[in-house]
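# Chains, contacts and geometry: an overview
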Amino acid sequence: MISKSMQDAINEQIKNELYSAYLYLSMSAHFEGLNLNGFAKWLRIQAEEELGHAMKFFDYIHERGGQVILKAIDQPPAEWKSNMEVFEQVLAHEQKITAMINKLYEQALKENDYPSQILLQWYINEQVEEEKNATQIIENLKLIDAHGTAVLMLDRELGKRESD
Ligand code: FEO
């Protein structure tokens with residue numbers, strides 16, 4: 001059975017993952033309003049992924065005989081000044097989530113809670129991916145600012161080459 005302290009910490013993280021979904025859905029709505037449908041779609045899918053992260057914790061608590069207690073979710077921002085600002089916030093948010101996951105892992109180590117350690121290793125890997133994806137978008141936006149879209153299109157073109 002899961003310890004009360006680990007249960008409480010994971011319940012808190014369910015809320016954080018749901019807030020992530022809320023934040024990205026708000027960003028998606030922002031881009032819908034700008035008719036940037038690709039950006040909107042990317043963030044909508046990201047929001048769905050976050051819901052998946054919350055549900056993975058939700059199921060885990062039940063598997064370990066614990067109790068899920070849902071907490072209130074804060075209202076996310078609704079307006080951003082630039083595309084860059086949105087993705088800088090995505091990256092900053094993911095870095096915050098990474099720190100939270102790392103803290104949960106430290107707690108699982110301290111409590112000798114091996115099942116939670118295994119579960120959290122999945123999230124640790126996921127966070128590497130999440131930070132990489134956000135960084136990549138920021139770097140692409142910087143490239144557009146510095147060189148215009150043509151360089152980015154040429155890069156895509158060159159990237160299509162297969163080895164012989
Ligand atoms: Fe659930 Fe994007 O971390």
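Before going into details, it helps to say that this report is about the structure given with it. Values in this document were obtained by computation on a predicted structure and should not be read as measured data.

This part takes up the pattern of salt bridges. Applying the stated criterion to the full structure yields eight salt bridges. Two residues, D8 and K4, come together in a salt bridge whose shortest N-O distance is 2.9 Å. Separated by four residues within a single helix, D8 and K4 lie in helix α1 (residues 4–33), roughly one turn from each other. Given the relative accessible area of 57%, K4 is considered exposed. Here K132 ties to E129 by a salt bridge, and the two come within 3.8 Å at their closest N and O atoms. Here K132 pairs with E129, and both are found in helix α4 (residues 114–147), just three residues apart, close to one helical turn. Linked by salt bridges that have partners in common, E12, K15 and K71 make up one network.

Further remarks concern unusual backbone geometry. For residues besides glycine, phi is generally negative; the peptide bonds are generally trans as well. Here N35, not a glycine, exhibits a phi torsion of approximately 60 degrees, which is positive. As for its position among the elements, N35 is in the loop between α1 and α2 (37–63). Residue N35 is classed as exposed on the basis of its relative accessible area of 61%.

Calculation rules
- Residues numbered from 1 in each chain as written.
- Predicted model: local features only at pLDDT ≥ 70, side-chain atom pairs only at ≥ 80, totals over all residues.
- Heavy atoms only, no water.
- Salt bridge = Lys/Arg side-chain N within 4 Å of Asp/Glu carboxyl O.
- Helix = DSSP H or I, 4+ residues; strand = E, 2+ residues; numbered from the N terminus.
- Buried < 20%, exposed > 50% of the residue type's maximum accessible area, 1.4 Å probe, protein only.

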